[in-house]
Amino acid sequence: MEFTGTLQASGNLRHGFLPAPTVQCHAANLALLPTGELACTWFGGTQEGVADIDVWLSRLAPGSDVWSTPERLSGDPDRSEQNPVLWTTPTGEVWLLHTAQHAGNQDTAEVRRRISTDGGRTFGPTGTFVPADGGGGVFVRQVPVVTRSGRWILPLFRCPVTPGARWRGDDDDSVTLVSDDAGATWRQVDVPASRGMVHMNIAVRPDGTLVALYRSRFADAVHRSESSDDGDTWSAPEPTPVPNNNSSVQVTTAPDGRLLLVHNRIRATDDSPRRESLYDEIDDLGVAGQQESAPVEHTGGGAVWGTPRAPLSLAVSRDGGSTWPVCVDLETGDGNCLTNDSRQGANHELSYPSVLVTDEDGTAVVHVAYTWHRRAIRYARFPLAALGGAG
């Protein structure tokens, strides 16, 4: 993998901020609505894990540079509602999926759903789509895909309960839900040997095979697996050359078949900073403290937390994600994420990116939205041609 520079220097990259209705904003996801509007969802409130964390939505009308005033789409007073995803089904419904958990206990999370039948203008009531069970919680982060056969596949990851201990993510793993009847029924497909591999992001290759990329809880590398039988089975995830810092990645397929991956091009090293867990600043009731958590050291193959979340980069692959010969930075910074506290301004992460490509009057345009210091969602756009024949 070769780092080839900063796209900002080319003059093609345009940045802007979405309106920030809350102290903290995190985990953006982009979608193109049937109305032609570009939509961005994220979660916001006081601090991740606190019960005032809700799902928000803002829209960008075609030809406009101004994002709409955000709408709050969830409001459970007892749970932290996180990781929203918008998806337009082949039948024309727009689904909002998101998680809901008690405090910092991801092992209590369930996936909830709201459905829009008017192109995403309004949404129906909230219902539980994938419940938690006695063994742990379940999380969503990436959009479902539709395969060549018309099969729907929703990637999820499980957060198992560890008796006597709070959730840290050490044993999280990936599964998919598969529907062959337009979402009427679903069956579960496990991803083998996927301990620590989460945020499974599926891309359909031109030949119909499926490729999945994963965030690694161990902060080593983006991992990759394949399915050649329409998602009935998956190979075990294997590391790619792309670094990962135990933070989210997202991939999309460009019109020419190239994969575009947004991520943080950094991995943990022996001297990387550490923190206890993602939620070490809140208690079991979701009450947030005011101070940065003390760095700690962990051994034994558990989840690694605290590796800086910057720069924010885009990598390009022409071979379905096996190699990534080109990487450019979209924004740089120190990426400090030893605290989730947005009130003090100590968090500097550039993270949790979302990416999609749209056609604007015959021009392919790349859109990226991401967390900026957990205080706002930042939006960037540039013509796909700015990457040239990269990758």
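Residues numbered from 1 in each chain as written. Predicted model: local features only at pLDDT ≥ 70, side-chain atom pairs only at ≥ 80, totals over all residues. Heavy atoms only, no water.

Participant: Looking at this model, I keep getting lost on the packing of aromatic side chains. Mind explaining?
Facilitator: Centre distance and the angle of the planes are the two values used to describe a pair of aromatic rings. With the rule as written, the count across this model stands at 12 aromatic pairs. An aromatic cluster is present here, built from W87, W95, F129, W152 and W186 joined pairwise through their rings. (Phe/Tyr/Trp six-rings, centres within 6.5 Å; stacked < 30°, edge-to-face > 60°.)

Participant: What exactly am I supposed to notice about the pattern of salt bridges here?
Facilitator: For side chains bearing opposite charge, pairing can occur when the charged atoms are close. Summed over all chains, the structure comprises 29 salt bridges. Note that R59 is salt-bridged to E71, the shortest N-O span being 2.8 Å. One end of the pair, R59, is in strand β5 (residues 54-60); the other, E71, is in strand β6 (residues 71-72), with 12 residues separating them in the sequence. For R59, a relative accessible area of 9% translates into the label buried. In this structure, D173 and R158 form a salt bridge, with 2.9 Å as the shortest nitrogen-oxygen distance. In this pair, D173 sits in strand β14 (residues 173-179) while R158 sits in strand β13 (residues 152-160), placing the two residues 15 residues apart along the sequence. Residue classification places D173 among the buried positions, given a relative accessible area of 18%. A network of salt bridges, in which partner residues are shared, links R151, D180, R187, D230 and D232. (Salt bridge = Lys/Arg side-chain N within 4 Å of Asp/Glu carboxyl O. Helix = DSSP H or I, 4+ residues; strand = E, 2+ residues; numbered from the N terminus. Buried < 20%, exposed > 50% of the residue type's maximum accessible area, 1.4 Å probe, protein only.)

Participant: When you look at the nonpolar core in this model, what are you seeing that I'm missing?
Facilitator: As a rule of thumb, nonpolar side chains are buried together in soluble globular proteins. Residues L260, L314, L330, V368, F382 and L387 are the most contacted members of the largest nonpolar core, which totals 23 residues. Elements represented by at least two residues in this core include exactly β21 (259-264), β22 (312-317), β23 (326-331), β24 (350-360), β25 (363-372) and β26 (376-383). Among the elements that line this core, the one with the most residues is β25, at four residues. (Core = buried A, V, L, I, M, F, W, Y, C linked by side-chain atoms within 4.5 Å.)

Participant: Is there a simple way to think about the sheet that holds strand β8 (residues 94-102) in this case?
Facilitator: The strands making up a sheet associate through backbone hydrogen bonding, with each pair oriented either parallel or antiparallel. On the basis of which strands lie adjacent, the open sheet formed by four strands has the order β7-β8-β9-β10 and antiparallel pairing. This sheet does not close on itself; its edge strands, each paired only once, are β7 (80-88) and β10 (127-130). Recorded for the sheet is a direction-independent mean angle of 35° between the axes of neighbouring strands. (Pairing = 2+ DSSP bridges. Axes fitted to C-alpha atoms, helices over the stretch in contact; angles between N-to-C directions.)

Participant: Would you mind going over the environment of R215 with me for this structure?
Facilitator: Along the chain, the position of R215 falls in strand β17 (residues 210-216). With 16 residues separating them along the chain, R215 and H199 place their C-alpha atoms 5.7 Å apart. When sequence neighbours within four positions are dropped, the list of residues in contact with R215 reads G196, M197, V198, H199, N244, N246, S247, S248, V249, W305, R309 and Y352. A distance of 2.7 Å separates polar atoms of two side chains, one belonging to R215 and the other to Y352. (Contact = heavy atoms within 4.5 Å. Polar contact = N/O pair within 3.5 Å; in protein donor to acceptor, adjacent residues only side chain to side chain.)

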